[in-house]
Amino acid sequence: DAVLYHLAQAMLPALQQPETANRLFLDHLLLAMCSHAIDRYGRVAPASGKPHAALTSAQLAIAKDMIASQLDGQLSVERIAQECALTRSHFSRAFKQATGIAPHAWLLNMRVERARELLRAVPPIPMAQIAQDCGFADQPHLTRVFTRLTGETPSAWRNRQRGMERFLSQAPE
């Protein structure tokens, strides 16, 4: 096979002087050799062009529960993927296919939703405390993300909610 022959020829200098071989180069050559051999000699059906399989409902539930339960922690995509028995890249792709957004965007949405709950609290919770409780780095980070996702600052949102509550409490029944 001419392709395998030329790939092997490209690998010879590295095999003759392994101490000077570039590991990344060798890995890519081996990957190319394997890929070619499977494509040419393997009995693998051609790709259907369909997107990768989405998460199962159980995997999606696991991922959403993990994110929701660790809003203020240091949860990694790698950890969620492990719990779903997937690689990080496959999990990220499948999660986005299932939800329409990337895992990190889902996390930010969940944090903002939790911030909304805390902004409704009576007596009012300080913004810095809400930011900390929701996993934001600080109050300005909360404000930036909240404003980007809702179109208004947390303070404006809180004031609007209070105004609506006052209006509803004064409305005749």
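It should be emphasised that the depicted structure is a prediction, and the values quoted were computed from it without experimental measurement.

### A short note on the overall build of the chain
Each helix and strand in the chain was counted, giving nine helices and zero strands. Along the chain, helices and strands appear, N-terminal first, in the series α-α-α-α-α-α-α-α-α. Relative to its length of 173 residues, the chain is extended, with a C-alpha radius of gyration of 26 Å against a globular reference of 16 Å. Dimensions of the chain, computed from C-alpha atoms along their principal axes, come out at roughly 85 × 40 × 25 Å. The burial tally for the chain puts 26% of its 173 residues in the buried class. Approximately 11,700 Å² of the chain is accessible, and the part contributed by carbon and sulfur atoms is 56%. Within the chain, the 15 negative side-chain charges are centred at a point lying 5 Å from the centre of the 19 positive side-chain charges.

### Some thoughts on helix H8 (residues 139-150)
An ideal rise of 1.5 Å per residue puts 16 Å on twelve residues; H8 measures up with 16 Å between its terminal C-alpha atoms. Looking only at H8, the buried set comprises Leu 142, Val 145 and Phe 146. The buried side chains of H8 occupy one side of the element, clustering within an arc of 100° when seen end-on. Seen from the open side of H8, the exposed residues pointing more than 90 degrees away from its buried face are Arg 144 and Arg 148. Tucked into the core, H8 has its buried residues touching helix H6 (103-119), helix H7 (127-133) and helix H9 (154-170). Backbone geometry just after H8 places Gly 151 at a positive phi near 90°.

Definitions and limits used
- Residues numbered from 1 in each chain as written.
- Predicted model: local features only at pLDDT ≥ 70, side-chain atom pairs only at ≥ 80, totals over all residues.
- Heavy atoms only, no water.
- Helix = DSSP H or I, 4+ residues; strand = E, 2+ residues; numbered from the N terminus.
- Rg over C-alpha atoms; globule rule 2.2 N^0.38 Å.
- Buried < 20%, exposed > 50% of the residue type's maximum accessible area, 1.4 Å probe, protein only.
- Areas by Shrake-Rupley, 256 points an atom, 1.4 Å probe, with all protein chains shown as cover.
- Lys, Arg positive; Asp, Glu negative; His and termini not counted.
- Charge placed at Lys NZ, Arg CZ, Asp CG, Glu CD.
- Expected span 1.5 Å × (residues − 1).
- Arc of directions from axis to C-beta.
- Contact = heavy atoms within 4.5 Å.

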